[in-house]
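Breakdown of the fold
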Amino acid sequence: MLRVEKVSHTFKNGSETTSVLHDINFAVKQGEMVALLGSSGSGKSTMLNLMAGLMKPTEGHIFIADHDLVKMSENKLSVFRRKHIGFIFQAYELITSLTVRENVELPLVFQSVAPSIRKQKAMALLENVGIPDKADLFPSQLSGGQQQRVSIARSLITEPSVIFADEPTGNLDSKTEKEIIGILLNLNKKMKTTFIVVTHDQEVAEQMQRIFTLRDGYMITKKQTPAEPESEGGEVHAD
Amino acid sequence: MRISDITRLAWDQIKRRKVVTGLCMAGLSIGCAAIIVALSIGDSAQSYADREVNRNFKMDEITVRPNEGIPGQGGGSGAGNSANKFDPGRLTRQKVEIIQKLNHVTAAAPFQEVGYVQMLTVDNKISDAQIIGTDLSLLTKYGNKFKQGGPSDTLGGVILNYGATLGLIDSETRKNLYEKMNGTYDPKVMEQYDSLSRLPSDMYQQQIQLQAPDMASQTGKMLTSSQMRVIGTLALPSGMDENMAMYDKKIYVSLETAEQLSEELKLNANNGADSSSSSKTGVFNSAIVKVDSVDNIVQVEKLVQKLTLQTSTNLFQKEQLAETFSMFKKVALGIGVFILIIASISIIVAMTMSTHQRRRQIGIMKVLGANMGQIRNMFITEAALLGLLGGLLGIGFSYLIVSGINKLVGTGGGFGGGEALVIYIPLSTLPVGIAFAIMTGIISGIYPAISASRTNALTAIKRD
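Remember, it's a predicted structure, so these values are computed and weren't measured experimentally.

Here we look at the overall build of chain B
- Regarding its fold elements, chain B presents 15 helices and 14 strands.
- Counting the 464 residues in chain B, one finds 49% classified as buried.
- Taking contacts inside chain B between residues at least 6 apart in sequence as the whole, the part at least 24 apart equals 79%.

Digging into the nonpolar core
- Residues A:Leu106, A:Phe110, B:Met365, B:Ile375 and B:Met378 are the most contacted members of the largest nonpolar core, which totals 44 residues.
- For this core, the secondary-structure elements that each account for two or more residues are helix H3 (100-109) of chain A together with helix H1 (3-16), helix H2 (18-57), helix H11 (315-357), helix H12 (359-367), helix H13 (372-409) and helix H14 (429-453) of chain B.

Quick look at the interface of chain A and chain B
- Of the residues lining the interface, 27 residues belong to chain A; the matching set on chain B comes to 25 residues.
- A combined buried area of about 2400 Å² lies between chain A and chain B, and 59% of that area is made up of carbon and sulfur atoms.
- Linking chain A to chain B there are 4 salt bridges.
- One salt bridge connects A:Glu93 with B:Arg360, and the closest N-O pair in it is separated by 2.2 Å.
- One can count 10 residue pairs in polar contact (both at pLDDT 80 or more) joining chain A with chain B.
- The set of elements that each furnish at least two residues to the side of chain A that touches chain B consists of helix H1 (44-51), helix H2 (74-84), H3 and helix H4 (115-128) of chain A.
- Looking at the side of chain A that touches chain B, the element that brings in the most residues is H2(A), giving 5 residues.
- Residue composition of the side of chain A that touches chain B, grouped by class: 13 nonpolar, 7 polar and 7 charged.

Topic: the side chain of B:Thr429
- Following the sequence through the fold, B:Thr429 ends up in helix H14.
- The contact partners of B:Thr429, leaving out residues within four places of it in the chain, are B:Ile36, B:Leu39 and B:Ser40.

A closer look at the sheet that holds strand E2 (residues 16-28) of chain A
Residue and element names in this part refer to chain A.
- Within the open sheet, the 4 strands sit side by side as E2-E1-E4-E5. Their pairing is antiparallel. Each edge of the open sheet is held by one strand with a lone partner, namely E2 and strand E5 (67-68).
- Direction of pairing for strand E4 (residues 59-64) relative to E5: antiparallel, over a ladder of 2 bridges. Within E5, the residue paired with Ile 64 across the bridge is His 67.

Notes on the layout of surface pockets
All names here are of chain B.
- Computed from the structure, the largest pocket encloses a volume of approximately 1200 Å³.
- Lys 58, Glu 61, Asp 248, Lys 250 and Tyr 252 are, among the 43 residues lining the largest pocket, the residues nearest its centre.
- Contributions of two or more residues to the lining of the largest pocket are made by H2, strand E1 (61-66), strand E3 (105-121), strand E4 (125-134), helix H6 (242-245), strand E11 (250-253) and strand E13 (287-291).
- Examining the composition of the lining of the largest pocket, we find that 4 residues originate from one element, H2, more than from any other.
- In terms of residue class, the lining of the largest pocket is made up of 19 nonpolar, 13 polar and 11 charged.

Structural notes on empty space enclosed by the protein
- Applying the stated criterion to the full structure yields 2 cavities of 30 Å³ or more.
- Volume-wise, the largest cavity comes out at about 110 Å³.
- Looking at the largest cavity, it is lined by 14 residues, and the ones nearest its centre are B:Gln13, B:Arg358, B:Gln361, B:Met365 and B:Met378.
- For the lining of the largest cavity, the secondary structure elements donating two or more residues are H1, H12 and H13 of chain B.
- Of all the elements, H13(B) adds the most residues to the lining of the largest cavity, at 4 residues.
- Of the residues belonging to the lining of the largest cavity, the class tally is 9 nonpolar, 3 polar and 2 charged.
- Along the walls of the second largest cavity sit A:Arg81, A:Arg82, A:Ile85, A:Gly86, A:Phe87, A:Pro107, A:Arg154, A:Ser155, A:Thr158, B:Val367 and B:Leu368, which together make up its complete lining.
- At the level of secondary structure, the elements contributing two or more residues to the lining of the second largest cavity comprise H2, strand E6 (85-88) and helix H5 (144-156) of chain A.
- Here the element with the most residues in the lining of the second largest cavity is E6(A); it accounts for 3 residues.
- Each residue belonging to the lining of the second largest cavity can be placed in one class, and the counts come to 5 nonpolar, 3 polar and 3 charged.

A few points about the pairing of E1(B)
All names here are of chain B.
- Both E1 and E13 contribute to a ladder of 4 bridges, which runs antiparallel. Residue pairing across strands places Ile 62 opposite Val 289, the latter belonging to E13.
- When E1 meets strand E14 (residues 309-312), the two strands line up antiparallel, connected through 4 bridges. The partner of Val 64 across the bridge, within E14, is Thr 311.

Some points on the confidence of the model for chain B
Residue and element names in this part refer to chain B.
- Considering every residue of chain B, the mean pLDDT works out to 82; 89% of them sit at 70 or more.
- Overall, residues 74-84 carries pLDDT values under 50, and its contacts beyond four positions in sequence, including any with other chains, amount to 12 contacts.
- Scored as a complex, the prediction yields pTM 0.64 and ipTM 0.84.

So, the pairing of strand E3 (residues 33-38) of chain A
Residues and elements named next belong to chain A.
- Burial within E3 is extensive, with 6 of its 6 residues counted as buried.
- Sheet topology note: the E3/strand E8 (residues 194-199) ladder contains 5 bridges and is parallel. Bridge pairing in E8 places Val 34 opposite Ile 196.
- Two elements, E3 and strand E9 (residues 210-215), share 5 bridges in a ladder whose sense is parallel. Note on E9: the bridge partner recorded for Val 34 is Arg 210.

Definitions and cut-offs
Residues numbered from 1 in each chain as written. Chains lettered and ligands numbered in written order. Predicted model: local features only at pLDDT ≥ 70, side-chain atom pairs only at ≥ 80, totals over all residues. Heavy atoms only, no water. Helix = DSSP H or I, 4+ residues; strand = E, 2+ residues; numbered from the N terminus. Buried < 20%, exposed > 50% of the residue type's maximum accessible area, 1.4 Å probe, protein only. Contact = heavy atoms within 4.5 Å. Core = buried A, V, L, I, M, F, W, Y, C linked by side-chain atoms within 4.5 Å. Buried area = accessible area lost by both parts, 1.4 Å probe. Salt bridge = Lys/Arg side-chain N within 4 Å of Asp/Glu carboxyl O. Polar contact = N/O pair within 3.5 Å; in protein donor to acceptor, adjacent residues only side chain to side chain. Nonpolar A, V, L, I, M, F, W, Y, C, P; charged D, E, K, R; others polar. Pairing = 2+ DSSP bridges. 1 Å grid on protein atoms, 1.4 Å probe; cavity = no way out; pocket = protein on both sides within 12 Å on 5 of 7 lines; lining within 4 Å. Points joined across faces, edges and corners; volume = space filled by probe spheres on them. pLDDT = per-residue confidence, 0-100.

Quick look at the structure:
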């Protein structure tokens, strides 16, 4: 489903170059839930941005559903993201002028989906994340945990191939963190959606099926957790 | 992306960003109001001037005269003086009859200019007037209304226009006044003369005589006509006031009476014109053609000219006015557009600021799948909506401004006793104003929209 092949990335700052990722290889299968674990500066966020097509790697290729993101133009990437990629941000990133339901519907707005269908889908997802009664409220009227639930619902509305969650519990207290991770695990099980959760939190990572650990731009470990399905594991090529 | 969604998202931003909305709308509304007011003043002034011109110059009439530039056949000079000679430029009864049958012609009649005479009443009052020989029954077709009496073919019957019933002064007083005014200016004398000139007299059924100097005798002797009777008087034409009417003194007579007067007063010899034998020869020195609409004047005039006749209309007055007002409108429109350009700078600045403030939101939208075109369209729609709102506010402003101007200038009366100039806002200017405002909004929104669409999603998200 997702393949990262020989990806390296370098940032240029004037004449100075900083290498942040070195020859990364891994693959994730459909319906898997994996963690990309690493401390600050490890390169995990860069890796996430590359996988989401928000940046292009200096070297290597990234495939999602057999499409090479590296070869796509900006506009093609936009269209691709609409269909195949969902996002969950650490800071939720909801549009404050829109209601909860409108926020959830937003990715479908860019796909010109009819309002009645959008509404139906959004309400079903809000039901799934446990806040159907908040549909007509604005994000500012919700708690952090509730906002993240909205963000999760929004990421799922296009039925994407993969959802990237960037520190989804980073802004939440431990109780809410458990709730959110519980929701993600539940949705993964229920909807068979692939999740790649970027986190620095070992405890969060442990709840995923597999863990890819990055340190200083190198993928140092790959670990199968007890949560991994017994039948099929993702292919891992860590150097 | 659906238009309704783009509009809704743009509208959300407009509602939310009140300062930006206020700034943009202020600029746009002032520009829009400037354009509407400018166009309205231009239109109002033009239609006012049109009305005044129509009132004073009878725009729907063509004056027809013989075409003296066409040489007569049969040799010799003074071709117009002989009815027997063939002169293609003559204004004949047959030609008048042809003109009467033309499309759009409501009336055509000879208006034979016989000459200027003095009118003398039985109580020795005197006034100057022009004698016009015409078909008296057609007078009403030319917008004349009878105040008293009506047309009749009786020989010696005259119809006085309103001006001819004013200012009849006894000859002794008139002589004294002229002597006092001769060479010196005395306001009191002038005032007295003015008031006497406006003095109306009941002339209906009065006996009058007409006088003219005998130019042939070279002695200054006055020739006097036989007794004539006023069979009708015309009312003051609508839109004309007495100040103007007192300078327009006409005595309408039948063509037969005109011929009689020409002979009695030797007017043919006096003015050298062929005015004496019109009823016999059927040749006239002037005719007036009334057309159903000013719009058809040119068309009818061309047809009349084909009869080798000279024509003149007052359309040139209108054309001159149109030219003047066209220039005025262009200048006014230019001022409005200039204000809009200034306004557009404020919109560009405000929207660019807004774009920077919304970089994060734009970034999120891009991450969620919005492409450059969609972002651009959202911003342009927002700018267009701002233009629409500015335009609507501008309409409100323009009504306030016009009402203020009308209050300021409303106390002054119209020229020549006509109605005062009232500025009104033609409905057709409203869409023009709104269109300009929307267009300015869109044009001003292009740069911020492109700038927004080029926002790098990642940078935007990382930024804050």
